[in-house]
Amino acid sequence: MAAELWLVFWTLLKILAITIPVILAVAMFVYWERKVIGWMHVRMGPNKIGPLGLFQAFADVVKLLLKEVVVPANANRFLFFLAPLLALVPALAAWAVVPFGQGLVLANVNAGVLYLLAMSSLGVYGIILAGWASNSRYALLGAMRSAAQVISYELAMGMALICVLVLAGSLNLTAIVDAQAGPKGLFDWFWLPLLPVFVIYWISGVAETNRAPFDVAEGESEIVAGFHVEYSGSAFAIFFLAEYANMILISFLAAVLFLGGWLSPFPVSWGWIGTPGFGWLLVKAFVFSFLFLWFRATFPRYRYDQIMRLGWKVFIPITIVWVLVAGCMKYFGWVTIGG
Amino acid sequence: MNPQLLELICFYAFAAVAVVSALMVITLRNSVHAVLSLVLTFFSVASIWLLAQAEFLALALIVVYVGAVMVLFLFVVMMLDINQEKVREGFIRYLPVGIVVAAVMLLEMLALIGLRAMHVAVMGPNPATEAGMSNIAWLGQALYTRYLLPFEVAALILTVGLVAAVVLTLRHKAIARHQNPSEQVRVRDRDRVRIVKMDAERPQEDQA
């Protein structure tokens, strides 16, 4: 009995050890986003609160928590409050299978990639229900756009993941990283044999998180703020948290699936710089999360029909062809798998 | 507390949620709520499958049904203005058909339970654990070796269904306007704007 209780307690501690850094990372990521976009616009960005404006994110959190949550008249109260939670829970739950290092994972499940797909497909419920429960036209339009977009890009993303699975021969994320180890370092990772799919995965990831240039679900120039137009205070903060946690998750996954996770790009003989470790994963994920911000500051919003066209008529055919190519790579031994 | 008891408690909890939410699907008045109860039903059934160590089926159920099919379902239900009275009217009319279906399902379930009671091994032991493989690896091997033909036939039927759905909804209307994206990309400013050169003019009043 005591052993089981201890196991539950220990697992809870491990969950907290993942979720609290993720939430803190979201806060710092928001600050970093405002700073980076500020620099790209030749502005200062937040610089008043704390050294270099570092505490701006926490000030924002306090502001959001103290604000009143306004419920629109005729809104469906139950679903209105459930929707932000439905958006946040999958975004945090998905982290359970993300490996941070060799053996450093909360749940080392065999079907890790499938679990990730399941969790990312659940996140859309929060958005749809928020749109519907708000009883607002703008919110409903945003929800509709988002639902169609997420489903479309999930297909392209799923097909891209299949290519990784074919090469790695496993659905386990740790096994996928291990399959990318090799003497050639950087060139043994899956980004090289799966280059088109890697690009497609990344673009689909941006679309899946409803980020610019695919942020038509928010589309502030047309539908005000889309699905969360009626949300204020802490309910809005939860949507915000879910979106940014998803962005960080997609960045980590891109690093794990295509860039060798915690593996070092340099050969082992180079000393400390060649040893694999959590630091490398962090560096890779940071580069990807920076790309999110760079895209937002650079690209104008896609037109809605073109988003659909890109997903269905460009990405999905390319990924289907590349599944075939990946199968050939594996069958004829064109790429070496594992060290 | 032994693990088996814990598993049993989990099973009954998930099963209870599944049954209650399935009941809610047909009793709730609000159709969006009904769809959400269906989502909950799928979710608890997936949890039961996870308990039975069918992890691939469980996750596939969530990815396919919860993640895609039900989202589209919700999408449609939200767009429709469903008249509750009309839906209620059909209840009595379809009741006999419903009772027949329910009776057949009950018989099938009783047959299965009866076989179990007679200790007839319906399923046999879990083949994946016997082969010492993960559930997914075993399923993949079984599908692509032993059951390749049925699997391919199922895939073919699904493809035919897909093509049929596309053909049914794709109607070429003579008046429909289509966009050609490559044409839109190739467009240049001189195709859209004509710069007219003209001298400055005085207003009419001044000349008079």
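Residues numbered from 1 in each chain as written. Chains lettered and ligands numbered in written order. Predicted model: local features only at pLDDT ≥ 70, side-chain atom pairs only at ≥ 80, totals over all residues. Heavy atoms only, no water.

## Looking at the interface of chain A and chain B
Basically, it comes down to this: Contacts are assigned to residue pairs with any non-hydrogen atoms lying within 4.5 Å of each other. Defined here as a combined quantity, buried area equals the accessible surface (1.4 Å probe) lost by two parts on assembly, summed across both. Pairs of N or O atoms within 3.5 Å make up the polar contacts considered here, provided that, within protein, one atom can donate a hydrogen while the other can accept it, and that residues adjacent in sequence are counted only when both atoms are side-chain atoms. Put simply, DSSP H or I for four residues or longer makes a helix, DSSP E for two residues or longer makes a strand, and each gets a number counted from the N terminus. The classification used treats Ala, Val, Leu, Ile, Met, Phe, Trp, Tyr, Cys and Pro as nonpolar, Asp, Glu, Lys and Arg as charged, and all other residues, Gly among them, as polar.
The interface of chain A with chain B comprises 28 residues on the first partner and 27 residues on the second. Summing the contributions of chain A and of chain B, the shared interface buries around 2300 Å²; its carbon and sulfur component is 77%. Summed over the three residues of chain A that lose the most area to chain B, namely A:Tyr125, A:Trp132 and A:Met144, the buried surface amounts to 25% of that side. Joining chain A to chain B, the criterion identifies three residue pairs in polar contact (both at pLDDT 80 or more). At the level of secondary structure, the elements contributing two or more residues to the side of chain A that touches chain B comprise helix H4 (112–133), helix H5 (137–168) and helix H11 (304–332) of chain A. In terms of residues, the side of chain A that touches chain B owes the most to one element, H4(A), which gives 11 residues. Taken together, the residues that form the side of chain A that touches chain B break down as 19 nonpolar, four polar and five charged.

## Section: helix H3 (residues 77–93) of chain A
Cut-off, in case you're wondering: A helix is expected to reach a length of 1.5 Å times the quantity of its residues less one. Under the scheme applied here, a residue whose accessible area is under 20% of the maximum for its type counts as buried, over 50% as exposed, and between as partly exposed, the area being computed with a 1.4 Å probe on protein chains only.
Relative to the 24 Å expected for 17 residues at 1.5 Å per residue, H3(A) spans 25 Å between its end C-alpha atoms, a close match to the ideal helical length. Taken together, the buried positions of H3(A) are A:Leu79, A:Phe80, A:Ala83, A:Pro84, A:Ala87, A:Leu88, A:Pro90, A:Ala91 and A:Leu92. On its buried face, H3(A) sits against helix H1 (2–40), H4 and helix H9 (233–258) of chain A together with helix H2 (31–51) of chain B.

## Considering the packing of aromatic side chains
When we look at a pair of aromatic rings, we describe it by the centre distance and by the angle of the planes. Residue and element names in this part refer to chain A. Filter applied, for reference: Classification of ring pairs uses Phe, Tyr and Trp, with its six-membered ring standing for Trp, and accepts pairs whose centres are within 6.5 Å; under 30 degrees between planes counts as stacked, over 60 as edge-to-face, and the remaining range as tilted.
Scanning the model with the defined rule gives 29 aromatic pairs over all chains in all. Seen from their ring centres, Trp32 and Trp39 are 5.8 Å apart, and the 80° between their planes marks the pair as edge-to-face. Its relative accessible area of 49% is what places Trp39 among the partly exposed residues. Between the aromatic rings of Phe236 and Phe240, the centroid separation amounts to 5.7 Å while the plane-to-plane angle is 35°, which identifies the pairing as tilted.

## Observations regarding the environment of A:Pro21
As for its position among the elements, A:Pro21 is in helix H1. Put simply, A:Pro21 and A:Leu192 are 171 residues apart on the chain and 31 Å apart in space, counted from C-alpha to C-alpha.

## Structural notes on the confidence of the model for chain B
All names here are of chain B. What counts is decided by this rule: The pLDDT value expresses, per residue, how confident the predictor is, ranging between 0 and 100.
Summary statistics for chain B give a mean pLDDT of 82 and a share of 88% for residues scoring 70 or more. Confidence scores differ between elements of chain B, with helix H10 (residues 204–207) showing the lowest mean pLDDT of 66 and helix H7 (residues 148–169) the highest of 92. Under the prediction, the complex receives an ipTM of 0.79, its pTM being 0.84.

## Some thoughts on a nonpolar patch on the surface
Residues and elements named next belong to chain A. Put simply, the rule reads: What makes a patch is a set of residues exposed beyond 30% relative accessible area and free of salt bridges, joined within 9 Å when like-charged and within 5 Å when nonpolar (Val, Leu, Ile, Met, Phe, Trp, Tyr). Accessibility throughout is a Shrake-Rupley quantity obtained with a 1.4 Å probe, and a residue counts as covered only by protein chains that appear here. Salt bridges are defined by distance alone: a side-chain nitrogen of Lys or Arg within 4 Å of a carboxyl oxygen of Asp or Glu.
A contiguous nonpolar patch, built from Trp6, Phe9, Trp10, Leu13, Leu16, Ile20, Leu24, Met28, Ile49, Phe55 and Phe58 and spanning about 1000 Å² of accessible area, is present on the exposed surface. In terms of residue count, H1 provides more of the nonpolar patch than any other element does, eight residues in total. Checked against the element boundaries, Leu13 lands in helix H1.

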